[in-house]
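Overview (structure and organization)
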Amino acid sequence: MKYYLIAGEASGDLHASRLMESLKREDPEAEFRFFGGDLMAAVGGTRVKHYKELAYMGFIPVMMHLRTIMRNMRMCKQDIRQWQPDVVILVDYPGFNLDIAKYVHRWGGPKVYYYIAPKIWAWKEYRIKRIKRDVDELFSILPFEVDFFEGKHHYPIHYVGNPTAEEVKEWLSLEEGGRLKVEGEGLKIALLAGSRKQEIKDNLPAMLRVADEFSDRYEVVVAGAPSIGRDYYAPFLAGHRATVVYSQTYALLHEACAALVTSGTATLETALFGVPQVVCYRLPMAKVYGALRKMLLKVKYVSLVNLVADREVVPELVADTFSEAALKRELSLILPGGAGRDAMLRGYEEVRQRLGNQCAPDEAARLMVKLLKI
């Protein structure tokens, strides 16, 4: 069968590539065409566009690149129609992908499957109408989404397990997990400041200043984002006792004793490695955002760890609740010997249990091929 996949950022490239590998095992005749990245290209098939040409986030960047975005959208729609796939598989990236789903549905084209459900439970819940109308099958990787989609909105979905849990488990099972290439053998504090330049600019300076307070006892190591060059990090690191490493986030977490982490999948990865963490997300105009958050966000928490547990396992210092003093205090509580460390580690066990033991790409691929054959 012919599979057309669309992934719009680095995490989508990773998850889509693993799904493609699983689809090849389920369907040896599988053909792939996709918008995606290097990991998807390594699996095989034809890449139409690299996700780096799509990944514009935030109101101002989107408006500045609106012509490019619309041109890519038109190209994608035309390419799908010309290639005539059996299914279009959308991977996260809802701003772009929901428009593609609408087009394919109106055209009456192939089936539309969504792998990694849009996070409409956090905000933009109105998108449920579009999902119900335009998406044939939705594959969820977060257990609490079942109650949201099925219980609240009466839209049946498939929970297939969490790919991050599987990826961490697989990495840990290797006989030789790559040793971190950082001088020294001391305990490490990991700084995961996000994958986009604006996130790094907003968060890394404060993270470094707080970590400096502990650098006499701990090595401070920054996880470099794969799409951000060393030159961008250099000015932030100047004057700090910190090192940046690339493509070694899992190795870093494996050796870290604590972490400061921006919200996102990184919070879940950190928990699955058993590293106590403080979730922090500094934003400009924090008080304004804090007020808007109360009006717009539909969830109590921003970190996946707390959302999966449905309680506060890790502290969240976001926007108007963020301060360097609070960050220092929370970090001191989770370092070795800290009063909050053991309770957090017990909470992580609860999160692991809720995620389950399914291999998400394998389960999703099995279901996709089965459904396409009906």
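Here we summarise the structure given alongside this text. (Residues numbered from 1 in each chain as written. Predicted model: local features only at pLDDT ≥ 70, side-chain atom pairs only at ≥ 80, totals over all residues. Heavy atoms only, no water.)

Digging into the packing of aromatic side chains
The geometry of an aromatic ring pair comes down to the distance between the two centres and the angle between the two planes. Our working rule: Any two of the Phe, Tyr and Trp rings considered here, Trp counted by its six-membered ring, make a pair once their centres fall within 6.5 Å; the pair's planes then place it as stacked at under 30 degrees, edge-to-face at over 60, or tilted in between. Runs of H or I in DSSP of at least four residues are treated as helices and runs of E of at least two as strands, each being numbered from the N terminus. Think of it in three bands: residues with accessible area under 20% of the maximum for their type are buried, residues over 50% are exposed, and the middle band is partly exposed, with areas taken using a 1.4 Å probe on protein chains only.
Considering all chains together, one arrives at 14 aromatic pairs under this definition. Note on Trp121 and Phe144: the rings are 4.9 Å apart at their centroids and 80° apart in plane angle, and the pair reads as edge-to-face. One end of the pair, Trp121, is in the loop between β5 (111-115) and α6 (128-134); the other, Phe144, is in the loop between β6 (137-140) and α7 (145-152), and 23 residues separate them in sequence. Relative accessible area serves as the criterion here: at 6%, Trp121 is assigned to the buried category. With a centroid separation of 6.4 Å and an interplanar angle of 90°, the aromatic rings of Trp171 and Tyr250 are classed as edge-to-face. You can see Trp171 sitting in helix α8 (residues 163-173) and its partner Tyr250 sitting in helix α11 (residues 249-255), a full 79 residues away along the chain. Assessed through its relative accessible area of 14%, Tyr250 is described here as buried.

Section: the layout of surface pockets
Stated precisely, the cut-off is as follows: Residues are called lining when one of their atoms sits within 4 Å of a cavity or pocket point, these points coming from a 1 Å grid over the protein atoms alone, where a cavity is a set in which a 1.4 Å probe fits but cannot get out and a pocket is an open set with protein on both sides within 12 Å along at least five of seven lines. Grid points are joined across faces, edges and corners, and a volume is the space filled by probe spheres set on the points. Three classes are used, and their members are as follows: Ala, Val, Leu, Ile, Met, Phe, Trp, Tyr, Cys and Pro are nonpolar, Asp, Glu, Lys and Arg are charged, and the others, Gly among them, are polar.
In this model, the second largest pocket occupies a volume close to 320 Å³. When contributions to the lining of the second largest pocket are tallied by element, the ones reaching two or more residues are α7 and α14 (304-309). Its residues placed into classes, the lining of the second largest pocket shows eight nonpolar, one polar and seven charged.

A word on the sheet that holds strand β13 (residues 316-318)
Applicable threshold: Think of it this way: DSSP has to see at least two bridges between two strands before they count as a pair. Whenever a helix is involved, its axis is fitted only over the stretch in contact; in every case the axis is a line through C-alpha atoms, and angles between N-to-C directions fall within 0 to 180 degrees.
Ordered in space as β10-β9-β8-β11-β12-β13, the six strands form an open sheet in which the pairing is parallel. Sheet topology places β10 (242-246) and β13 at the edges, where each strand pairs with a single neighbour. Between one strand axis and the next, the sheet turns through 25° on average, direction left out of account. Pairing of strand β8 (residues 188-192) with strand β11 (residues 256-261) involves five bridges; the strand directions are parallel. Bridged to Lys188 within β11 is Ala256.

Description of the environment of Val160
Mapped onto the secondary structure, Val160 falls in the loop between β7 (158-159) and α8. Taking the relative accessible area as the measure of exposure, Val160 reaches 0% and is therefore buried.

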